[in-house]
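# Breakdown of the fold
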Amino acid sequence: MKAIVLDQPGHFSTAELPEPEPQAGEAIVRISRVGMCGTDLHAYRGRQPFFTYPRILGHELCAEIVEIGTNAQGLQTGMVCSVAPYLYCGECLACRNGRTNCCVKLKLLGVHVDGGLREYFSVPFHTMHHSTALTPDQLALVEPLSIGGHAVARAQLKPEETILIIGAGPIGLSIMAHAKAVGVKTIVMDVSEDRLRFAREQFNVAATIKAGENVTEQLSDLTNGEMPVVVFDATGNAASMNEAFNYPANGGRLILVGLHLDFVTFRDQDFHRRELTVMSSRNATAADFQRTIALLEAGKIDITPWITHRVREEELIAQFPSWLDAKAGFIKAIVSWS
Ligand SMILES: [Zn+2]
Ligand SMILES: [Zn+2]
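Residues numbered from 1 in each chain as written. Chains lettered and ligands numbered in written order. Predicted model: local features only at pLDDT ≥ 70, side-chain atom pairs only at ≥ 80, totals over all residues. Heavy atoms only, no water.

A tally of regular secondary structure across the protein chain gives 11 helices and 17 strands. On C-alpha atoms alone, the protein chain measures out to a radius of gyration of 20 Å, which is about the 20 Å that the 2.2 N^0.38 rule sets for 338 residues. Overall size of the protein chain, expressed as C-alpha extent along the three principal axes, is 60 × 45 × 35 Å. Here the protein chain holds 338 residues, and 51% of them are scored as buried. Restricting to contacts in the protein chain with at least 6 residues of sequence separation, those with at least 24 account for 66%. Accessible surface computed for the protein chain: about 15,400 Å², of which carbon and sulfur atoms make up 49%. When the 30 positive and 37 negative side-chain charges of the protein chain are each reduced to one mean point, those points stand 3 Å apart. (Helix = DSSP H or I, 4+ residues; strand = E, 2+ residues; numbered from the N terminus. Rg over C-alpha atoms; globule rule 2.2 N^0.38 Å. Buried < 20%, exposed > 50% of the residue type's maximum accessible area, 1.4 Å probe, protein only. Contact = heavy atoms within 4.5 Å. Areas by Shrake-Rupley, 256 points an atom, 1.4 Å probe, with all protein chains shown as cover. Lys, Arg positive; Asp, Glu negative; His and termini not counted. Charge placed at Lys NZ, Arg CZ, Asp CG, Glu CD.)

Let us look at helix 6 (residues 193-203). Taken as a whole, helix 6 has its buried residues at L196, F198, A199 and F203. Down the axis of helix 6, the smallest arc covering the buried residues is 155°, so these residues share one side. Away from its buried face, by an angle of more than 90 degrees, helix 6 presents the exposed residues D194 and E201. The N-cap of helix 6, judged by a side-chain oxygen 3.3 Å from the amide nitrogen of D194 a few residues on, is S192. In the stretch just after helix 6, N204 is the one whose phi turns positive, near 50°. (Arc of directions from axis to C-beta. Polar contact = N/O pair within 3.5 Å; in protein donor to acceptor, adjacent residues only side chain to side chain.)

Working reference: metal with six octahedral donors, ideal angles 90 or 180 degrees; metal with four tetrahedral donors, ideal angle 109.5 degrees. For the zinc ion (ligand 1), the full set of protein donor atoms is C37 (SG), H59 (NE2) and E60 (OE), at a range of 2.0 to 2.2 Å. Spacing between the donor residues of the zinc ion (ligand 1) along the chain follows C-x21-H-E. Per residue, the accessibility class of H59 equals that of E60, and both read buried. (Donors = N, O, S within 2.8 Å, 3.2 Å for Na, K, Ca; no water.)

What the rule picks out here adds up to 15 salt bridges. Linking D190 and R195 is a salt bridge whose minimum nitrogen-to-oxygen distance equals 3.7 Å. The salt bridge partner of D194 is R197, with a shortest N-O separation of 3.2 Å. Residue D194 and its partner R197 are located together in helix 6, separated by three residues, close to a single helical turn. Put simply, R33, D137 and R310 are held in one network by salt bridges that share partners. (Salt bridge = Lys/Arg side-chain N within 4 Å of Asp/Glu carboxyl O.)

Let us now look at the nonpolar core. Grouped together as the largest cluster of nonpolar side chains are 91 residues, with contacts concentrated most on M36, L117 and F232. Element by element, the count of residues in this core is highest for helix 4 (residues 142-155), at six residues. Two domains each donate at least three residues to this core, and these are domain 1 (2-141 + 303-336) and domain 2 (148-280). Contact partners of L117, with chain neighbours within four places excluded, come to A3, I4, V34, M36, I56, L57, L316, V335 and W337. Residues I166, M189, V215 and Y247 belong to the second largest nonpolar core, which totals 17 residues. (Core = buried A, V, L, I, M, F, W, Y, C linked by side-chain atoms within 4.5 Å. Domains from an automatic or database assignment.)

Turning our attention to the domain arrangement of the protein chain. When the domains of the protein chain are assigned, the result is domain 1 (2-141 + 303-336) and domain 2 (148-280). The C-alpha-based centres of domain 1 and domain 2 are spaced at 29 Å. Every contact between the two is made by six residues of domain 1 and, on the other side, nine residues of domain 2. For the pair domain 1 and domain 2, the interface holds zero salt bridges. At the surface where domain 1 touches domain 2, the tally comes to one residue pair in polar contact (both at pLDDT 80 or more). A breakdown of the residues in the side of domain 1 that touches domain 2 according to their chemical character gives four nonpolar, one polar and one charged. (Nonpolar A, V, L, I, M, F, W, Y, C, P; charged D, E, K, R; others polar.)

What follows is the structure, encoded as structure tokens:
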């Protein structure tokens, strides 16, 4: 069975692996599509934190069940599924409280353990989310879309609220998709005019702001002087995350979705005066996957503009390096595995 292995930064090779053996509580799946995102580019560049080599990439997955045992929780051979790449223990305090996305033993397929760039592999039942209505491309993109779905669920948005999303990359876009479904008034900020135009065209957002230009004044003008109730930061940029503390209204919420490896700082007086609620948002849960699938099935999210590159598996090794070029306009690639 063929697999594509990232041996070390900057170098892929193909490998012949033994066929997977059926495990208790797991299904053998045949990979159909693998989405590639910025995480994969970082791993290739050698800049992904906590990443070890060699590694089989692939955490945005659509796969068909080809072998499954008993007690399969409603799953059957032939079902085509989105695979949630989060392997959680089910026993720790976070898992017992339904917070499987931040399990103390969490391992991500394609990041901490080998992922889906291979013909077949064995995955736990709990990772599989089935839909007959979605295409393989849509099922592969449920994972990145669910990241925004989780952040929006954390924020507990109400339709009458005005929100600010900082960062209009793939995570910001996935927040926009779920926020639009709630019906809030959305303002988007980014450094890139192209990304802001994309947000206006795709999500019909209420307003866009170019980062760095009188932001507080502009936000005040757009909200009758009240400021946004909820602010999402999807940049992972330290300066942006620190600045983000200035934007929520009194009594507002700040959700840090992007992450970086150093400190985030804020002035306590400003934080206390407004009694802000600050939270992080990490990965996604099964409920976030189910909500994302429902939105896709209802035609509420169009994934076509997200897919900037498309290859068959035998072309991947040759094509991958070209995606690193800023001029490639890379948002997401879909690898077809036939
Ligand atoms: Zn990804
Ligand atoms: Zn756990």
